[in-house]
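Take a look at the letters that make up each chain.
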Amino acid sequence: MGELCCVDGSRLEVIPIPSRDRGGTPYEVTLQLERDGEVFGSVGERCGYFLATLARTLAAARVEDSPQACAWPDEDDRFPDPPLHAALRAHGAGDLTPREPELFAFRHRERADVASTGELRCTLRTFSTWLCAGDGRGGEWRLARRAVVEAWGVGGCGVRAVLTSTELAGFLTALVSEAGRVGADYRDVLVSSSVRTPHPASRAIIDC
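What comes next concerns the included structure.

Parameters and conventions
The numbers attached to residues start from 1 for each chain and follow its sequence in the written order. Side-chain atom pairs in this predicted model are given and counted only at pLDDT of 80 or more, local residue features only at pLDDT of at least 70, and totals for whole chains, interfaces and linings cover all residues. Neither water nor hydrogens contribute to the side-chain values; these are computed over all heavy atoms in the structure. Pairs were defined over the aromatic rings of Phe, Tyr and Trp, the Trp ring being its six-membered one, requiring ring centres within 6.5 Å. Orientation was assigned from the angle between planes: stacked under 30 degrees, edge-to-face over 60, tilted for the rest. Secondary structure elements are defined from DSSP: runs of H or I of at least 4 residues count as helices, runs of E of at least 2 residues count as strands, and each element is numbered from the N terminus. We call a residue buried when its accessible area falls under 20% of the maximum for its residue type, exposed when it is over 50%, and partly exposed in between, using a 1.4 Å probe and counting protein chains only. Take a side-chain nitrogen of Lys or Arg and a carboxyl oxygen of Asp or Glu: if they are within 4 Å of each other, that pair is a salt bridge.

By convention here, two paired aromatic rings are described through the distance between centres and the angle between planes. Overall, the coordinates contain 2 aromatic pairs when judged by the stated rule. Seen from their ring centres, phenylalanine 50 and phenylalanine 106 are 5.9 Å apart, and the 90° between their planes marks the pair as edge-to-face. With phenylalanine 50 in helix α1 (residues 48-62) and phenylalanine 106 in strand β5 (residues 102-107), this pair connects stretches of sequence that are 56 residues apart. Among the residues examined, phenylalanine 106 registers a relative accessible area of 9% and is labelled buried. When the ring of phenylalanine 104 is compared with that of phenylalanine 106, the centres are 5.1 Å apart and the planes differ by 10°; the resulting orientation is stacked. Like phenylalanine 104, the residue phenylalanine 106 is buried in the burial classification.

Right, dumping it as structure tokens:
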């Protein structure tokens, strides 16, 4: 499972629950959310493939020769371009990109589900900190990029965690590894990434 320490001091656990075909074989996962050991919600039906893909692209963005490394020297600030952000920029609509691009957003079954069913969302935000010069007469802005993971439970209560790139990578690795442990294997997605899961390939008969 993936575990997050939230800014309010609570602990959010994200637990992959296998989705099974008619024969009972796991082939995908849904995420169960628990806050401080209490059930918080269920989101992201069949989201494992997307999480594995994000883990792969995040690993690629964090390496020293990545395009992101040119703009963000600190590895903790490096994140992949979200799909919508990249698509708009590719079509020359960079001025239309959202100020807080979204890496993922999961609700109970579909993105169009009502918020009362629970939600898990991750956006990228840039924070600015003023660093004073040693002589006290000047300084510079230090920019840091962070992933903000927000979760809402079925009762409408929300929690938030702020993660570096390293922390998000660890969170995704834990989720993908646990998904593999319960039978949903994504080694084909992760083949070009440093993220690995040692689980056998699934032989599920998918019935969507």
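That covers the picture; the talk isn't over yet.
The next thing to look at is the pattern of salt bridges. The full count for this structure, using the stated rule, is 15 salt bridges. Here glutamate 150 makes a salt bridge to arginine 121, at a shortest N to O gap of 3.6 Å. With glutamate 150 in strand β7 (residues 139-152) and arginine 121 in strand β6 (residues 119-132), this residue pair connects regions lying 29 residues apart in the sequence. A relative accessible area of 23% means that arginine 121 is categorised as partly exposed. Note that arginine 160 is salt-bridged to glutamate 150, the shortest N-O span being 2.9 Å. Taken as a pair, arginine 160 in strand β8 (residues 158-163) and glutamate 150 in strand β7 lie far apart in primary sequence, 10 residues in all.

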